[in-house]
Amino acid sequence: MRLAIAALLLFPALVFGQAKENQEDKISNDNPGRPLQMPPASTEAKEAMDDFDRFQRRGAWERALKSLYTIEEGQTLRFVDGENGFIIPVARKRRSILSALPPNGRAACRLFYDAEARRLLAEAEGPSELKNLETIYSAYFITSVGDNAADRLGDLYFELGRFDRAADCWLAVVRESPDTDLSLAQLSVKAALALFRAGRLSEFQQIRTELTDRYGDEKITLGGQTATPAEQLRRLLGTEPTVADAGRPTSASTEGGLNLTESVDILWQTRFADSIEAGMTPPELVQWESNPLSTAVPAVATHGTTLFANYLGHNFALDLKSGKMLWRSASFHHLEMQAMQDQVRFMDATRFAIVASDTHVWSLARDLKDANYFAPFRLTCRRADSGEVVWQSSDLIDYAPYDLVGPPILAEGKLFITAKTQANPQQQQGQPQQFVLAIQPHDGKLLWKTEVGTFRQGGMMYFYYYNRDPVPQPRLIHRAGALYVDTQVGVMARLDADTGSLDWGYGYRTDNVQGQNRFFFGYDQPPEPTTSGSAPVSSGEAFLVKGMQSDRLYAVEPNRMKVLWERPISKSSRLVGVNEHTLFLGGPELSALDLKSRDLLWATRLPSGSLAGQLLVRPDGLWQLTPRGVFEIDPGSGTVRRIFRGKDLGAVGGNLFLTDQLVLAISNRTISAYPRRATGADVSVREDSSTRDKRTSNEE
Amino acid sequence: MKNKSSIAVIVLVLTGVGTTGSAQVLSENIEGFSVVGKGLVTAKPNLVEIDLEVSAASELTADAIVKYRDAKRRIHDAFTSLKLENIAIEERGLGVEQKGMQNNYYFGGMPPSSRAKTEVQLSRKLVLKCSNIRKMDEDKLLQQIGKFLDVAQDAGAKVGKQNENSRYYYYDYPQNLGLTRFVLDDFDSLQEAAYEKAINDARTRAQRLARLSGVTLGPIVAVREIVVPGDRSPNTNYYPWNQDDENLPKRLETAKFQEIPVRVELMVRFEIQSGPKGKERAEKR
């Protein structure tokens, strides 16, 4: 009897406990436990969709559709929960709802909204053409003119070079408008071409097969020539690179062999740490060495025969052939005095970044002399040949609200960077927001800015005992006209690189970056390895995503908006590279994960671990710069094949960088250049400039 | 009046009995000479040990096992490839713990509150032992130790004693923070010699006392060991980490490569010989 009473009393508690846990695990934009919220749709917009649901169940189509169309235009670009963890704009959600309508619902929609759609299509001329077509595609796609609008919109996007969107428009007609009067064969050819140019190869192959199987007997006319769809496609692709070329990764992973034998002599070395330490008394030296900034590794970028470095805001350029310094922005000697100031001791030195083109170099840094603990990071553009400052974001009013966080990239002639607004709680400015900025590289003009989300977590204000967690640095990737940003705080988003419009976000599981423990003297906690965040890596058409504080690894197919698989993984892991079958992970150990079985194949612990630093990941081996030299690891077994001690001993490790002729070891003390010896016949490896540009920007 | 007399009786009884009792005990205790004899013999260490640790943690226990297994295998392989006959790796107990849930001693031993999921951590202490070092010259030994440390670090092992905050909490500050430990564990014959020296030393001291006291030294009637070489008595109730070292053979350790003292201290009690002088003194007393 007592047992029964106890069970009855405990039952609600158990139920509520489970509900709470499930709620915490649920990936929802509205979950208050998640660190970042994408711009949310208003309550009215969400209620409108709920109303639609309710009315459509009753078959009240007029009222159901009316509730959908009462959503304000401004709300259509705000975000609601989609399927499988994706967070999508209201417009996309509305289109998917309309596309899934049963025949009587579609008929009702045409009855009530055909006139409006036709009016928009008739007025789609000149400046309003794109806007009107987008409105029809988004809101009135299932009307009688929706297919025509989508076709025209696809043409427009294709002309603008937005192949991804063009393909989506044509595919929408092919897949969702079976009763269209348009030629499905012709639309399929156009979609295949756009898919090919967007790099969506698996979908391209699928469409190409369909062209032969389904429309093999049809003849279509394109560009004044009449032929079967398959022949048309073949003709149009004749001038394009092959499929194999299109899918080829552009990273250093496909370049020739690398042989770092123990007998390699150093070509040149720049000892910048010696410049800082020159003239220090022993106590000063001890103090400097105990300063966390003494372990900072400079960020570097190469272009042509020049290496550009950003060492705690001190920029310099080296001639790659001789190692001779071409210019520098300031003397290193006084760095120690600046670094001893309290406000910079706990600064995250990995936030310094650099990216270069043939004419300019852009560095991300903060002024070490600025006594403000929250002093923002700023961009500085210099001339590549002389180091002369061209522009600084601190001089431009557009950048005033932002702290630039995360490495910038160069793509499509634009400079992309992520930024966070600087919330000042004393002025009740609310929580900081995450932005992506597109900048005109040569003059710093802001081309567009897009809000990705608002942080639910306040600023990092609790700096006890210099034990500061690293600030999450969002990572950017440019692929086929789209810009992907992994915020590292639970959302990976896709933006249009041209306009900055936010397509969708994928919400992944993550912990907050700053835990509650940090408020209370966290120094006595067992030392948890802190791994630097990593950018998503491409595996086929999917991205492998692992946030800095996430204990999950995700394979996300961005074009189909699907999660292919997910797997639990150590929070301290990071992504360091991938080949066809294997993903390589850093962290306390360097490890390899089989992409097919998702089993951990091997793990190798290297001196000081693989928590940070850039590795060389190639088909013939992995190379990591450790405090005990460069370790060469067999990618198949994880065995340490060779240890090349080199001339970097005494450093904390760092990054390895590959150029045409050199292997560059960048540590916290030196930049060392070793000759790159190719094995076998593949001796003269040359990169074309586009590949090199991409690599420079991507690796940075 | 009656009360006063009662008190006096009690005082007399107590003082009387007390005096008699203590005199009896005293006479027994001071019978003979108790002296401390010390014996010291030194020898070079015959073994050098290096503490290594392998540990691995992961959300999935299967991953932790792969990491742990690989880490341990690589250390074994690295030392096996040295092809040295005088080295061996001894494995201590395997720990299966929840990562990050160590006690937080500044919060009264409470584990850190966390919503984090369980991350399984496997860890094991390995002890690299290099024997027969006594006859090696210092340079060769140094070369060999250097090689061991390099190989261990290159193989990804954590070298040296690992930081254990709990020891500080119990005011047990480790004495040896060096990377290596020199050990003498073959000191049976040396120990015999040290005992012999300690007894001889005690006898010499007692004889001096007897001569100065004007009595004749009798035979040994009791011996108590004060310092015994290599004797350790870990109190596992208070120092749980010592459980690892349970049942270890007797040994002497030092952080430096030097002669290690084998020290014996004995408390020895000699009887006073019953002779004419002794009887006279007893009667007078």
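Small disclaimer: the values here were computed from a predicted structure and weren't measured.

## Some words on the overall build of chain B
- In terms of helices and strands, chain B carries six helices and nine strands.
- Going through the 285 residues of chain B one by one, you find that 22% of them count as buried.
- Here the analysis covers contacts within chain B between residues at least 6 apart in sequence; of these, 82% occur between residues at least 24 apart.

## Describing unusual backbone geometry
All names here are of chain A.
- Located in the positive-phi region is glutamate 412, a residue other than glycine, with phi close to 50°.
- Exposure remark for glutamate 412: the 12 C-beta atoms within 10 Å place this residue in the exposed category.
- Positive phi outside glycine occurs at serine 608, with the angle close to 65°.
- Along the chain, the position of serine 608 falls in the loop between strand 31 (600-604) and strand 32 (616-618).
- Given 17 C-beta atoms within a 10 Å radius, serine 608 is considered partly exposed.

## A look at the sheet that holds strand 24 (residues 537-539) of chain A
Residue and element names in this part refer to chain A.
- Spatially, 24-25-26-27 is the arrangement adopted by the four strands of the open sheet, whose pairing is antiparallel. The sheet is open, and its two borders are formed by strand 24 and strand 27 (562-568), each paired with just one other strand. Taking the axes of each pair of neighbouring strands and ignoring which way they run, one obtains an average angle of 25° across the sheet.

## Let's talk about the nonpolar core
- Among the nonpolar cores identified, the biggest contains 218 residues, and Ile136, Trp170, Ala191, Ala192, Ile354 and Leu544 of chain A are the most heavily contacted of them.
- No other element matches the 10 residues that helix 9 (residues 184-197) of chain A contributes to this core.

## Focus on the environment of serine 81 of chain B
- With respect to the helices and strands, the residue serine 81 of chain B is situated in the loop between helix 2 (61-80) and strand 3 (87-98).
- With 40 residues separating them along the chain, serine 81 of chain B and glutamine 121 of chain B place their C-alpha atoms 28 Å apart.

## Here we look at the domain arrangement of chain A
Residue and element names in this part refer to chain A.
- What the domain assignment lists for chain A is domain 1 (36-246) and domain 2 (396-523 + 530-543).
- Of the residues lining the interface, 19 residues belong to domain 1; the matching set on domain 2 comes to 23 residues.
- When contributions to the side of domain 1 that touches domain 2 are tallied by element, the ones reaching two or more residues are strand 1 (36-37), strand 3 (86-89), helix 8 (163-176) and helix 10 (201-215).
- Element by element, the count of residues in the side of domain 1 that touches domain 2 is highest for strand 3, at three residues.

## Here's the deal with the pairing of strand 20 (residues 475-479) of chain A
- Sheet analysis places strand 20 of chain A next to strand 21 (residues 482-486) of chain A, joined by five bridges and oriented antiparallel. Its bridge partner lying in strand 21 of chain A, histidine 478 of chain A is registered against leucine 483 of chain A.

## Observations concerning the confidence of the model for chain A
Residue and element names in this part refer to chain A.
- When pLDDT is averaged along chain A, the result is 83, and 84% of the positions lie at 70 or above.
- Taken together, the stretch residues 10-21 has pLDDT below 50 and engages in zero contacts with residues farther than four places along the chain or on a different chain.
- Counted against residues more than four places away or in other chains, residues 461-467, with its pLDDT under 50, gives 10 contacts.

## A short note on the sheet that holds strand 29 (residues 582-586) of chain A
- Spatially, four strands are ordered 28-29-30-31 (chain A) in an open sheet, and the strand pairing comes out antiparallel. Either end of the sheet is taken by a strand with one partner, and the two such strands are strand 28 (574-578) and strand 31 of chain A. The mean inter-strand angle of the sheet, taken between neighbouring strand axes irrespective of direction, is 25°.
- When strand 29 of chain A meets strand 30 (residues 590-594) of chain A, the two strands line up antiparallel, connected through four bridges. Looking at the pairing, phenylalanine 584 of chain A lines up with alanine 592 of chain A of strand 30 of chain A.
- Against the sheet, helix 2 of chain B makes contact with strand 30 and strand 31 of chain A, and its axis sits at roughly 45° relative to strand 31 of chain A, the strand it touches most.

## Comments concerning helix 7 (residues 146-159) of chain A
Residue and element names in this part refer to chain A.
- The first and last C-alpha atoms of helix 7 sit 20 Å apart over 14 residues, in line with the 20 Å expected at 1.5 Å per residue.
- Within helix 7, 10 of the 14 residues are buried, which leaves the element mostly enclosed by the surrounding structure.
- The complete set of buried residues in helix 7 reads Gly146, Asp147, Asn148, Ala149, Ala150, Asp151, Arg152, Leu153, Gly154 and Tyr157.
- Where helix 7 is buried, its residues meet helix 5 (103-122), helix 6 (129-139), helix 8 and helix 9.
- At the exit of helix 7 stands glycine 161, carrying a positive phi of roughly 85°.

## Some words on the environment of leucine 142 of chain B
- Summarising the element assignment, leucine 142 of chain B is placed in helix 3 (residues 138-154).
- Put simply, leucine 142 of chain B and arginine 181 of chain B are 39 residues apart on the chain and 13 Å apart in space, counted from C-alpha to C-alpha.

## Structural notes on the packing of helix 2 (residues 43-58) of chain A against helix 3 (residues 61-69) of chain A
Residue and element names in this part refer to chain A.
- At their nearest, the axes of helix 2 and helix 3 sit 8 Å apart, and the two run at 170° to each other. Comparing their axes, helix 3 and helix 2 come out roughly antiparallel. The crossing of helix 2 and helix 3 is left-handed. On the side of helix 2, the interface is formed by Ala48, Asp51, Phe52, Phe55 and Gln56, while helix 3 contributes Trp61, Arg63, Ala64, Ser67 and Leu68.
- Its residues assigned to classes, the contact of helix 2 with helix 3 comprises six nonpolar, two polar and two charged.

## With respect to helix 11 (residues 229-237) of chain A
Residues and elements named next belong to chain A.
- Those residues of helix 11 that fall on the buried side of the exposure criterion are Pro229, Ala230, Gln232 and Leu233. Down the axis, helix 11 shows its buried residues gathered within 160° of arc, on one side only.
- On its buried face, helix 11 sits against helix 9, helix 10, strand 4 (220-222) and strand 5 (225-227).

## Describing the pairing of strand 21 of chain A
Residues and elements named next belong to chain A.
- Across the five residues that make up strand 21, a large majority, five, are buried.
- Alternating residues of strand 21 divide into Ala482, Tyr484 and Asp486 and Leu483 and Val485, and every residue in both groups is buried.
- Linking strand 20 back to strand 21 in an antiparallel pair, the connection comprises two residues, with alanine 480 at a positive phi of about 50°.
- In the sheet, strand 21 pairs with strand 22 (residues 491-496) via five bridges, with the strands oriented antiparallel. Bridging across to strand 22, alanine 482 finds its partner in aspartate 496.
- Hairpin connection between strand 21 and strand 22: a loop of four residues separates the two successive antiparallel strands, and glutamine 488 in this loop has a positive phi of roughly 70°.

What counts and how
Residues numbered from 1 in each chain as written. Chains lettered and ligands numbered in written order. Predicted model: local features only at pLDDT ≥ 70, side-chain atom pairs only at ≥ 80, totals over all residues. Helix = DSSP H or I, 4+ residues; strand = E, 2+ residues; numbered from the N terminus. Buried ≥ 20, exposed ≤ 12 C-beta atoms within 10 Å, placed from the backbone. Contact = placed C-beta atoms within 7 Å. Pairing = 2+ DSSP bridges. Axes fitted to C-alpha atoms, helices over the stretch in contact; angles between N-to-C directions. Core = buried A, V, L, I, M, F, W, Y, C linked by C-beta atoms within 7 Å. Domains from an automatic or database assignment. pLDDT = per-residue confidence, 0-100. Expected span 1.5 Å × (residues − 1). Parallel < 35°, antiparallel > 145°, perpendicular 65-115°, else oblique. Left-handed = near helix turned anticlockwise from the far one by under 90°. Nonpolar A, V, L, I, M, F, W, Y, C, P; charged D, E, K, R; others polar. Arc of directions from axis to C-beta.

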